[in-house]
Amino acid sequence: IAQIDMEDDSEKLASVVIGGLELGECNPSPGSDFTCSYFDCFEDIHIPEKVSSTGRIVVEVHSVGTHDDCHCSRDLDTCFNRAEAILFEATGQGDVPPSYGAFVKVTLTPTADADLSKTLVESRPPDPRRSQAASSGGEDVVVYVAHEGSCNTVAGCRGSAIARLNPEKRYVVSVATALIDMEDESEKIASMSVGGIDLGECNPSPLSDFDCGWFDCVSQQDIPRVVSATGDVVLKAHAVRTNSDCMCNEEKAGCYVAALAEMYRAMGENITDVAYGMFVRFTFSVVQQA
C-alpha cells in the first residue's frame, strides 16, 4: 500500500479482501503523513485454487481516515507527495499524476503445484517506530547516526554515535536508512559498522531522489557479546553523493521532502526540523536466552 496520510494509528487500510478471503487490516503508521512510498502489508499468502477457478478475482479494500496527500501513477508504479509532484512537473518529467486517498497494489504470482499445500499465513513487517524485543520482554535500543546538511560529494560525509547496551544481554542489530537523494546507484550509504564490525554498504536506489521513506539495510544481525562487553558500542555510517533533500525528526522517527517544508514555511507554519544528507537508524533488540 502507498503510505498516504497514515502517520496516525487511526489512518489505515481497514480491510483487504481477495476473492472473499479476508486478509485483515494494514496499519503502517509511518513517520510522516507525506511518506507516499510503498509498505508491504502481506507477503506470499496462499490463495486457494477455488478462489481463482472462474479466472476472475474480486479485490476489495477499505481505507479510513486518509486524505489525498499523495499523487500516484500506475505507469510509474509509484506515488509522490505534493511537493515532489510539483517538482516532477516543473522539471519536465510529465504532468502531475492524480491525487489519491488509497492506492493499493496487489501482486498475484503463480505457484508450483507443490506449493498448494501452504496454509494462509499473514506476514506483516514490524512498525519501526514501535518495534519491541517482545521475546525478551526488553525494549529496543534505537540510535541514529546522521549528518545535517548535504553529503553530495565523492568523499561524502561520515557520522558516529554511541549505543549504550546492557553488557549482560546479547543483541541483534537492524539498520535502516532514510531514502535521501538515493535514486542513482552512486548515491548510497557506502559503509556501516557496529563496534568495529563492518556491515557493508546499503544502496537502495529508490524511484525518486525525494522518497524520504525508510529502507531496511540489515535485519536482525547477531552482535557478538564481546562487542557490547563494556556497555558502549560505537556506531558509524558513511554516506556519499546524497544531497540534503529530506527533513528528518528523531522523535517522530521519520523524514519528509525538504521542498514540502519550504511550502509550509511559506504558508506561515513554524517548521523546526532539519535537512539531512544522511539519517541512519540502528535498532538493537535483546535476544532471548535459552
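Scroll up a little and you will see the structure.
Residue numbers restart at each chain and count upward from 1, following the sequence in its written direction. Only residues with pLDDT of at least 70 get local features here, since the model is predicted, and only at 80 or more are side-chain atom pairs given and counted; chain-wide, interface and lining totals rely on the full set of residues. Only hydrogens and water are removed before side-chain values are computed, so all heavy atoms of the structure are retained for them.

S.K.: Mind showing me how you'd approach the environment of threonine 66 here?
M.R.: Each helix is a run of DSSP H or I of at least 4 residues and each strand a run of E of at least 2, with the numbering of both proceeding from the N terminus. Structurally, the position occupied by threonine 66 is in the loop between strand 3 (59–64) and strand 4 (70–73). Sequence separation between threonine 66 and alanine 102 is 36 residues; the distance between their C-alpha atoms is 7.3 Å. We call two residues in contact whenever any of their non-hydrogen atoms come within 4.5 Å of each other. Once you skip the residues sitting within four places of it in the chain, threonine 66 turns out to touch Ile4, Asp5, Met6, Glu11, Lys12 and Gly101. In the analysis that follows, any N or O atom pair within 3.5 Å is treated as a polar contact, provided that within protein one partner can donate a hydrogen and the other can accept it, and provided that, for residues neighboring in sequence, both atoms belong to side chains. Within the structure, threonine 66 has its side chain in polar contact with the side chain of serine 63 (distance 2.8 Å). Only 2.7 Å separates the side chain of threonine 66 from the backbone oxygen of glycine 101, close enough to count as a polar contact.

S.K.: I would appreciate a short explanation of the sheet that holds strand 6 (residues 99–100) in the present structure.
M.R.: Strands pair, by our definition, only if DSSP identifies at least two bridges between them. Sheet architecture is open: three strands sit in the order 5-4-6, paired in antiparallel fashion. Both outer strands of the open sheet, strand 5 (78–81) and strand 6, are each paired with one neighbouring strand and no more. Bridge count for strand 4 against strand 6 is two bridges, and the pairing is antiparallel. Across the sheet, cysteine 70 pairs through a bridge with tyrosine 100, a residue of strand 6. Think of each axis as a best-fit line through the C-alpha atoms, taken over the contacting stretch in the case of a helix, with angles from 0 to 180 degrees between the N-to-C directions. Helix-sheet contacts for helix 1 (residues 82–90) involve strand 4 and strand 5, and the interaxial angle to strand 5 is about 100°.

S.K.: I tried to follow the environment of glutamate 201 on my own but got confused; where do I start?
M.R.: With respect to the secondary-structure elements, glutamate 201 resides in strand 11 (residues 197–202). Not counting chain neighbours up to four residues away, the residues in contact with glutamate 201 comprise Lys188, Ile189, Ala190, Ser191 and Met192. At 3.0 Å, the side chain of glutamate 201 and the side chain of lysine 188 are in polar contact.

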